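Chain and residue survey
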Amino acid sequence: MQCVTKLKGFPSRQSFGVAMIICSCNVISDARIKAALVSEDYPKTPCEVYKCLGCSPNCGRCISNVRLVINETLSMQAAGAAAQTESQAGAL
């Protein structure tokens, strides 16, 4: 059983999902990294993600995990775009 505490002003787990802290020095969650990747000119490296979020890496232990979130998110976005293209082609 998972216990999720509702905090005033925070979205519910169902609407936001469960975020995982990737960088404890800057308190950056995977959700914030994913949100930074939605623009057309998205950050492509961990350092660009930090810059986009207004901070910089401190100890550096999280860099590989930031890279992992970037890669997974971009792969999911590419798969979603491919599926949308296929469904549009099938509708023709």
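Remember, it's a predicted structure, so these values are computed and weren't measured experimentally.

Comments concerning the overall build of the protein chain
- Looking only at helices and strands, the protein chain has four helices and two strands in total.
- Counting from the amino terminus, helix and strand elements in the protein chain follow one another as α-β-β-α-α-α.
- Taking contacts inside the protein chain between residues at least 6 apart in sequence as the whole, the part at least 24 apart equals 42%.
- Looking at the protein chain as shown, the accessible area adds up to about 6,800 Å², and 58% of this sits on carbon and sulfur atoms.

A short note on the confidence of the model for the protein chain
- With 74% of its residues at a pLDDT of 70 or more, the protein chain shows a mean pLDDT of 81.
- Between residues 1–15, whose pLDDT stays under 50, and residues either more than four places distant or in other chains, the model counts six contacts.

Examining the nonpolar core
- Within the largest apolar cluster, 13 residues are counted, with the highest numbers of intra-cluster contacts made by Ile-33 and Val-66.
- Element by element, the count of residues in this core is highest for helix α4 (residues 63–91), at three residues.
- Apart from residues lying up to four places away in sequence, Val-66 is in contact with Ile-22, Ile-33, Pro-46, Val-49 and Tyr-50.

Some words on the state of the cysteines
- Enumeration over the complete set of coordinates arrives at zero disulfides.
- Cysteine Cys-52 is unpaired, with the sulfur of Cys-55 as its nearest cysteine sulfur at 9.6 Å.
- A relative accessible area of 46% places Cys-52 in the partly exposed class.
- We note that Cys-55 lacks a disulfide partner, and the nearest cysteine sulfur, in Cys-23, lies 6.4 Å from it.

A closer look at the environment of Thr-45
- Take Thr-45: it is sitting in the loop between α2 (30–36) and α3 (46–52).
- Under the relative-accessibility criterion, Thr-45 is labelled partly exposed at 30%.
- Thr-45 sits 22 residues away from Arg-67 along the chain, and the two C-alpha atoms are 6.9 Å apart.
- Look past the residues within four positions of Thr-45 in its chain and what remains in contact with it is Arg-67 and Ile-70.

Calculation rules
Residues numbered from 1 in each chain as written. Predicted model: local features only at pLDDT ≥ 70, side-chain atom pairs only at ≥ 80, totals over all residues. Heavy atoms only, no water. Helix = DSSP H or I, 4+ residues; strand = E, 2+ residues; numbered from the N terminus. Contact = heavy atoms within 4.5 Å. Areas by Shrake-Rupley, 256 points an atom, 1.4 Å probe, with all protein chains shown as cover. pLDDT = per-residue confidence, 0-100. Core = buried A, V, L, I, M, F, W, Y, C linked by side-chain atoms within 4.5 Å. Buried < 20%, exposed > 50% of the residue type's maximum accessible area, 1.4 Å probe, protein only. Disulfide = S-S within 2.5 Å.

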